[in-house]
Amino acid sequence: MKRFFAFLLLFLFICCGGTGMVEIGINDGPEKATLGTAGDIAMRVLRIDIPESGDYTVLWEGEQVVRVSIESSDFVSVTNRFLEIEPGSYEDIRVTVDSVRHVQDTLEVMLVDTAYQFVADAFTAIVIEEDDEFQLVVGINTPLWFDEVEQEIRQGHVAFEGATLKIYYDL
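Keep in mind that what you see is a predicted model, and the values were worked out from it rather than measured.

**Q** Any chance you could explain the packing of aromatic side chains here in plain terms?
**A** Any pair of aromatic rings gets described here by the distance separating the centres and the angle formed by the planes. A complete count under the given rule lists 5 aromatic pairs for this structure. On the numbers, 4.9 Å between centres and 40 degrees between planes, the contact of F75 with Y168 is tilted. Taken as a pair, F75 in the loop between strand 3 (55–69) and strand 4 (76–77) and Y168 in the segment after strand 12 (164–167) lie far apart in primary sequence, 93 residues in all. Residue class for F75 comes out buried when judged on its relative accessible area of 18%. On the basis of relative accessibility, which here comes to 16%, the residue Y168 falls in the buried class.

**Q** Explanation requested: the pairing of strand 6 (residues 88–104) in the structure shown.
**A** Successive residues of a regular strand alternate their side chains across the two faces of the sheet. Where burial is concerned, most of strand 6 is hidden: 13 out of the 17 residues are buried. Bridge count for strand 2 (residues 40–52) against strand 6 is 8 bridges, and the pairing is antiparallel. From the neighbouring strand, D40 faces strand 6, where its bridge partner is V103. As paired strands, strand 6 and strand 8 (residues 116–128) are joined by 9 bridges and run antiparallel to one another. Within the sheet, the bridge partner assigned to R94 lies in strand 8 and is V119. Taken together, strand 6 and the strand that follows it, strand 7 (residues 107–112), pair antiparallel across an intervening segment of 2 residues, in which D105 is found at a positive phi of about 55 degrees.

**Q** Explain the environment of L83 here, please?
**A** With respect to the helices and strands, L83 occurs in strand 5 (residues 83–85). Judged by relative accessible area, which is 5%, L83 ranks as buried. For the pair L83 and L59, spaced 24 residues apart in the sequence, the C-alpha separation amounts to 7.8 Å. Excluding its chain neighbours within four sequence positions, the residues that come into contact with L83 are G20, M21, V22, L59 and W60.

**Q** Can you help me understand the nonpolar core in this one?
**A** Core analysis: the largest hydrophobic core is formed by 39 residues, its most contacted members being I26, M43, V45, I93, V138 and F160. At the level of secondary structure, the elements contributing two or more residues to this core comprise strand 1 (20–27), strand 2, strand 3, strand 5, strand 6, strand 7, strand 8 and strand 9 (133–139). Aside from chain neighbours lying at most four places away, what touches V138 is I24, G25, I26, N27, I93, V95, F118, A120, A163, T164 and L165.

**Q** For this particular structure, what's the right way to read the pairing of strand 12?
**A** Note that strand 8 and strand 12 share 2 bridges and pair parallel. By the bridge assignment, A122 is partnered in strand 12 with L165. As paired strands, strand 9 and strand 12 are joined by 4 bridges and run antiparallel to one another. Opposite G139, over in strand 12, you have T164 as the bridge partner.

**Q** What's the story with unusual backbone geometry in this structure? I'm lost.
**A** Excluding glycine, a negative phi dihedral is what most residues carry, and trans is how most peptide bonds are arranged. Although it is not a glycine, S99 adopts a positive phi angle of roughly 50 degrees. Inspection of the secondary structure puts S99 in strand 6. Unusually for a residue other than glycine, D105 sits at a positive phi of about 55 degrees. Take D105: it is sitting in the loop between strand 6 and strand 7.

**Q** Help me understand the pattern of salt bridges, please; the structure alone is not making it clear to me.
**A** As a working rule, side chains carrying opposite charge can pair if their charged atoms are close by. In the structure shown here, the tally under the stated rule is 5 salt bridges. Across the pair R67 and D40 runs a salt bridge whose closest N-O atoms are separated by 2.6 Å. Placement of the pair is R67 in strand 3 and D40 in strand 2, with a sequence separation of 27 residues. Residue class for R67 comes out partly exposed when judged on its relative accessible area of 46%. Classification of D40 by relative accessible area gives buried; the value is 14%. Members of the salt-bridge network, linked through shared partners, are R47, D49 and R94.

Thresholds, definitions, all that
- Residues numbered from 1 in each chain as written.
- Predicted model: local features only at pLDDT ≥ 70, side-chain atom pairs only at ≥ 80, totals over all residues.
- Heavy atoms only, no water.
- Phe/Tyr/Trp six-rings, centres within 6.5 Å; stacked < 30°, edge-to-face > 60°.
- Helix = DSSP H or I, 4+ residues; strand = E, 2+ residues; numbered from the N terminus.
- Buried < 20%, exposed > 50% of the residue type's maximum accessible area, 1.4 Å probe, protein only.
- Pairing = 2+ DSSP bridges.
- Contact = heavy atoms within 4.5 Å.
- Core = buried A, V, L, I, M, F, W, Y, C linked by side-chain atoms within 4.5 Å.
- Salt bridge = Lys/Arg side-chain N within 4 Å of Asp/Glu carboxyl O.

See the structure below:
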């Protein structure tokens, strides 16, 4: 009988702890008429963390190579699936990348060759409630930090500076 009640209590605990679902992707939005002529930013994403109790906790970890067209609003998935996330209000996420390169035709230029973390901030808090399902997109904001002509990170700037976090809507 004790086993039955323990099982029932565990079942109720699991069922009552609802979650939302998110898929995390990257883009460089908004689309411009010169789309495709500036090349791509290619990187290996190693981890995505979400804020929790004043620190960050791992939401996703792996090795996912992504290639994002400069100034494109296309969603390029990092997680390749939806992940469970605790309901709450999220104002940022932290992304760990390495091997960040500029790729144009057959030319590749290394921009960052070590593990590097950056935070993508939301303009306003993104509220995720139980049973919500969102695609969240990290906008890498290349016009601020990447010099297309010199194919390098602009002087006085850092990679992914001004990165944004928002809900992705396919327009």
